[in-house]
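A closer look at the structure
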Amino acid sequence: EDAVLDALDEAIRLQLIRETRVGRGTGYTFEHALIRQTLYEALNVRRRARLHQEVGEALEVLYGTRKDDHIEELAYHFGEAGPATTQKGIDYNLRAARKAASLYAMEEGERRLKVALELAEGADDAGARVNLLEALGDHYLFFAENQRATDAYRQALDVLKAAGDTSSEDALRLYCRAAEASAGWGTEASAEALRYAQAAADLLRDKPDAPLKARALSLLAIHSARAGDISSARPHAEQAVAVATRLGDQHELSMAYRAMAMVHRNANEWDRYCEVDLMRRALLETAFTPSDPDLYVDL
């Protein structure tokens, strides 16, 4: 402690830092941001990474059960630390991105996810890359950045395909996510999205009922209807409603109703269209607070 105090006294004398009040105690800050930047850049890369790791580990101990309140600091330090703490860097940056999204801070969340992606790429961790690209797509979709969401999901699928995976649970979910990103209000009909939905529905056809199966059928109906193929869209929407009903899954039933409403609308069946939209509205009132603008546009 004496050595630390002597160093602080010397730094104050040289006007590198100054004392500040922190509550009832004393803290220290650099006299100018350029001083900090210059000293920081003078460190060699390995020492800098090691210091970030040491600071991160010290903060973990200091914050204890209050880590979530300081998740940005932890994400920063472990994001800059060496390969020994790559997984912590990924985890903390992912958590920081989710927190940013909850505060509607799109750019901060995007930045944190890209840091996590860089760490996963540096570690050559394909599984982490897939998960993070999906999280990035979800982040964009939350902010209605539909094309950017589609691009992120497509990149995740490319990573899976490079590993020879075209039919795992991850691949099926990503097919649906990519199709869903092009199914919202304000998006244009997409042949690529139709192919994604078709691929998911084909792979799930002979499998037991599951939420993902209902979602794939709903998306296939939506994109078929948008492509003008009502004769194909109608049975897909009916199957989606049947699967979601058997599962008792209100969220997927809402999506299936959305697909059915689109079929009725594109077929000029206006009474049925209104009826299904009102059924969806009633369902959502007891299940979720809807965030999808399509329902309000339809109503």
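That block above? That's the structure.
Residues numbered from 1 in each chain as written. Predicted model: local features only at pLDDT ≥ 70, side-chain atom pairs only at ≥ 80, totals over all residues. Heavy atoms only, no water.

**Some details on unusual backbone geometry**
Here is the rule: Here a strand is any run of E in DSSP of at least two residues, a helix any run of H or I of at least four, and the numbering for each starts at the N terminus. Working definition: with a 1.4 Å probe on protein chains only, accessible area under 20% of the residue-type maximum means buried, over 50% means exposed, and in between means partly exposed.
A positive phi angle, near 60 degrees, is found at Q15, a position not held by glycine. Here Q15 is to be found in the loop between α1 (2-13) and β1 (17-22). The backbone of N268 shows a phi angle near 60 degrees, a positive value even though the residue is not glycine. With respect to the helices, strands and loops of the structure, N268 is situated in the loop between α13 (250-266) and α14 (270-287). Residue classification places N268 among the exposed residues on the basis of a relative accessible area of 55%.

**Quick look at helix α7 (residues 126-142)**
Let me state the cut-off plainly: By definition here, a helix of n residues has an expected span of 1.5 Å times n minus one. Residues are treated as being in contact if the distance between any of their heavy atoms lies within 4.5 Å. Under the rule applied, a polar contact is a pair of N or O atoms within 3.5 Å (in protein, one hydrogen donor and one hydrogen acceptor; residues adjacent in sequence only if both atoms are side-chain atoms).
Relative to the 24 Å expected for 17 residues at 1.5 Å per residue, α7 spans 24 Å between its end C-alpha atoms, a close match to the ideal helical length. Packed against the buried residues of α7 are α5 (86-102), α6 (106-122), α8 (146-162) and α9 (169-181). N-cap assignment for α7: the residue whose side-chain oxygen lies 3.3 Å from the backbone N of G127 is D125.

**A look at the packing of aromatic side chains**
Stated formally: In this scheme Phe, Tyr and Trp rings, the latter by its six-membered ring, pair at centre separations within 6.5 Å, and the angle between planes marks the pair as stacked below 30 degrees, edge-to-face above 60, and tilted otherwise. In this analysis the charged atom, NZ for Lys or CZ for Arg, is taken to sit over a ring once it is within 6 Å of the ring centre and within 35 degrees of the ring normal.
Using the criterion set out here, one finds 5 aromatic pairs in the structure. With 5.1 Å between their ring centres and 90 degrees between their planes, F142 and F143 make a pair best called edge-to-face. Three or more aromatic residues link up through ring pairs in this structure, and these residues are Y104, F142 and F143. Residue placement shows R36 over the ring face of Y40; its charged tip is 5.2 Å from the ring centre.

**A short note on a negative patch on the surface**
To keep things clear, this is the line we draw: Patches draw on residues past 30% relative accessible area with no salt bridge. Two like charges within 9 Å are joined, as are two nonpolar side chains (Val, Leu, Ile, Met, Phe, Trp, Tyr) within 5 Å. Per-residue and other accessible areas were derived by the Shrake-Rupley procedure at a 1.4 Å probe size, with only the shown protein chains allowed to occlude residues. Salt bridge, as used here, is a side-chain nitrogen of Lys or Arg placed within 4 Å of a carboxyl oxygen of Asp or Glu. Neither His nor the chain ends contribute to the count of charged residues, in which Lys and Arg are positive and Asp and Glu negative. We put the charge of a Lys on NZ, of an Arg on CZ, of an Asp on CG and of a Glu on CD.
Where like charges cluster on the molecular surface, the negative patch consists of E1, D2, D6, D9 and E19. It is α1 that provides the largest number of residues to the negative patch, a total of 3 residues. When its relative accessible area of 59% is taken as the criterion, D2 is described as exposed.

**Description of the environment of S182**
Within the fold, S182 resides in the loop between α9 and α10 (191-204). Classification of S182 by relative accessible area gives buried; the value is 11%. For S182 and R246, which are 64 residues apart along the polypeptide, the C-alpha to C-alpha distance reads 27 Å. Contacts of S182, omitting those with residues within four sequence positions, involve T150, T187, E188, S190, A193, H223 and R226.

**Considerations on the packing of helix α3 (residues 45-63) against helix α4 (residues 71-80)**
Between two packed helices, both the angle of their axes relative to each other and the distance between the axes serve to describe the pair. Heads up, the condition is: Note on geometry: axes are lines fitted to C-alpha atoms, helical ones only across the stretch in contact, with angles between N-to-C directions running from 0 to 180 degrees. When an angle is under 35 degrees it counts as roughly parallel; over 145 it counts as roughly antiparallel; between 65 and 115 it counts as roughly perpendicular; any other value is oblique. Each crossing gets its hand from how the near helix is turned against the far one by less than a right angle, where anticlockwise is left-handed and clockwise is right-handed. Under the scheme applied here, ten amino acids are nonpolar (Ala, Val, Leu, Ile, Met, Phe, Trp, Tyr, Cys and Pro), four are charged (Asp, Glu, Lys and Arg), and all others, including Gly, are polar.
Put simply, α3 and α4 touch, their axes get as near as 7 Å, and they point 150 degrees apart. With respect to each other, α3 and α4 are oriented roughly antiparallel. Taken as a pair, α3 and α4 cross one another with a handedness that is left-handed. Here α3 contributes A49, H52, Q53, V55, G56, E57, L59, E60 and Y63 to the contact with α4, which in turn contributes E73, L74, Y76, H77, F78 and E80. Of the residues belonging to the contact of α3 with α4, the class tally is 7 nonpolar, 4 polar and 4 charged.

**Comments concerning the nonpolar core**
Test applied: We call a set of buried residues a nonpolar core when its members are Ala, Val, Leu, Ile, Met, Phe, Trp, Tyr or Cys and they connect through side-chain atoms within 4.5 Å of each other.
If you look at the biggest cluster of nonpolar residues, it comprises 68 residues, and the most contacted ones within it are I90, L113, L132, L174, Y175 and L219. Grouped together as the second largest cluster of nonpolar side chains are 8 residues, I71, A75, F78 and A96 included.

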